[in-house]
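# Topology and contacts: notes
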Amino acid sequence: NAGVMQNPRHLVRRRGQEARLRCSPMKGHSHVYWYRQLPEEGLKFMVYLQKENIIDESGMPKERFSAEFPKEGPSILRIQQVVRGDSAAYFCASSPTGTNQPQHFGDGTRLSIL
Amino acid sequence: GESVGLHLPTLSVQEGDNSIINCAYSNSASDYFIWYKQESGKGPQFIIDIRSNMDKRQGQRVTVLLNKTVKHLSLQIAATQPGDSAVYFCAENRGAGNMLTFGGGTRLMVKP
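The sections below set out a description of the structure shown in this document. (Residues numbered from 1 in each chain as written. Chains lettered and ligands numbered in written order. Predicted model: local features only at pLDDT ≥ 70, side-chain atom pairs only at ≥ 80, totals over all residues. Heavy atoms only, no water.)

## Notes on the interface of chain B and chain A
Taken together, the contacts link 28 residues of chain B with 25 residues of chain A. Interface of chain B and chain A: buried area, both sides summed, is about 2,000 Å²; carbon and sulfur atoms make up 49% of it. Of all residues in chain B, B:Asn98, B:Met99 and B:Phe102 bury the most surface against chain A, accounting for 26% of the area lost on that side. On the surface where chain B and chain A come into contact, there are zero salt bridges. The interface formed by chain B and chain A includes seven residue pairs in polar contact (both at pLDDT 80 or more). Only strand S3 (32-38), strand S4 (45-51), strand S8 (86-93) and strand S9 (100-102) of chain B provide two or more residues apiece to the side of chain B that touches chain A. Of all the elements, S3(B) adds the most residues to the side of chain B that touches chain A, at four residues. For the side of chain B that touches chain A, a count of residues per class yields twelve nonpolar, ten polar and six charged. (Contact = heavy atoms within 4.5 Å. Buried area = accessible area lost by both parts, 1.4 Å probe. Salt bridge = Lys/Arg side-chain N within 4 Å of Asp/Glu carboxyl O. Polar contact = N/O pair within 3.5 Å; in protein donor to acceptor, adjacent residues only side chain to side chain. Helix = DSSP H or I, 4+ residues; strand = E, 2+ residues; numbered from the N terminus. Nonpolar A, V, L, I, M, F, W, Y, C, P; charged D, E, K, R; others polar.)

## Some words on the pattern of salt bridges
All names here are of chain A. For the structure on display, the rule yields six salt bridges over all chains. Lys 44 is paired through a salt bridge with Glu 41; the nearest N and O atoms lie 3.7 Å apart. Judged by its relative accessible area of 28%, Lys 44 is partly exposed. For the salt bridge of Asp 86 with Arg 64, the shortest nitrogen-to-oxygen distance reads 2.7 Å. Within this pair, whereas Asp 86 is found in the loop between strand S8 (75-79) and strand S9 (88-95), its partner Arg 64 is found in the loop between strand S6 (53-56) and strand S7 (65-68), the two being separated by 22 residues in sequence. We classify Arg 64 as partly exposed; its relative accessible area is 25%. (Buried < 20%, exposed > 50% of the residue type's maximum accessible area, 1.4 Å probe, protein only.)

## A word on the layout of surface pockets
Reported here for the second largest pocket is a volume of approximately 430 Å³. Contributing to the lining of the second largest pocket are 21 residues, with A:Gln37, B:Gln38, B:Glu39, B:Ser40 and B:Gly41 lying nearest its centre. Listing elements by their share of the lining of the second largest pocket, those giving two or more residues are S9 and strand S11 (109-113) of chain A together with S8 and strand S10 (106-111) of chain B. Here the element with the most residues in the lining of the second largest pocket is S8(B); it accounts for three residues. Grouping the amino acids of the lining of the second largest pocket by side-chain chemistry returns ten nonpolar, five polar and six charged. (1 Å grid on protein atoms, 1.4 Å probe; cavity = no way out; pocket = protein on both sides within 12 Å on 5 of 7 lines; lining within 4 Å. Points joined across faces, edges and corners; volume = space filled by probe spheres on them.)

Shape descriptors only; they carry no functional weight alone.
Structure below.
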């Protein structure tokens, strides 16, 4: 399966801990996007990255959230000092180029905060 | 606009009938639109896309119509099957950057 791979599928954290979500884009895709989805809602854009660069982080909360897409390895969405409101499904998407191309999504990481 | 977390609107159709799912968008600068299907516990699955220089595009059993005058997008599914049951989202690229802005979604339920 050469699709977008996200892990873990489910992640449980206690308040104050750190959450690290990983995303490997489709083969040949160099553009990665992170979205957050609350139950019964559409996805909300968080950040857009290319290799080693953050292109658009206009949807990222100003504190505690960060993202990277290193030269080697998966893209990482990192949430520090998690709070209950961070509970959501986090989806990663990738595209071959950034301009008017379909974004293909992984099956997400469901983050639960105790 | 922003979803307020209300229950999703639901479209219930009989197997074999045609389904039409509608979406309104607000930004006249949007130049690219995508329909996604999301099944429970999974990520959005690409169905079909359309650019703003077109008003209709067809795929296998699906057709997307774009009316830029009234900022309206629709997805038509022919001969709806039980496997089509899912939540359907429209998404738009507003022309500034590559982020997608998603609509609130419609739940399609297919009765056998």
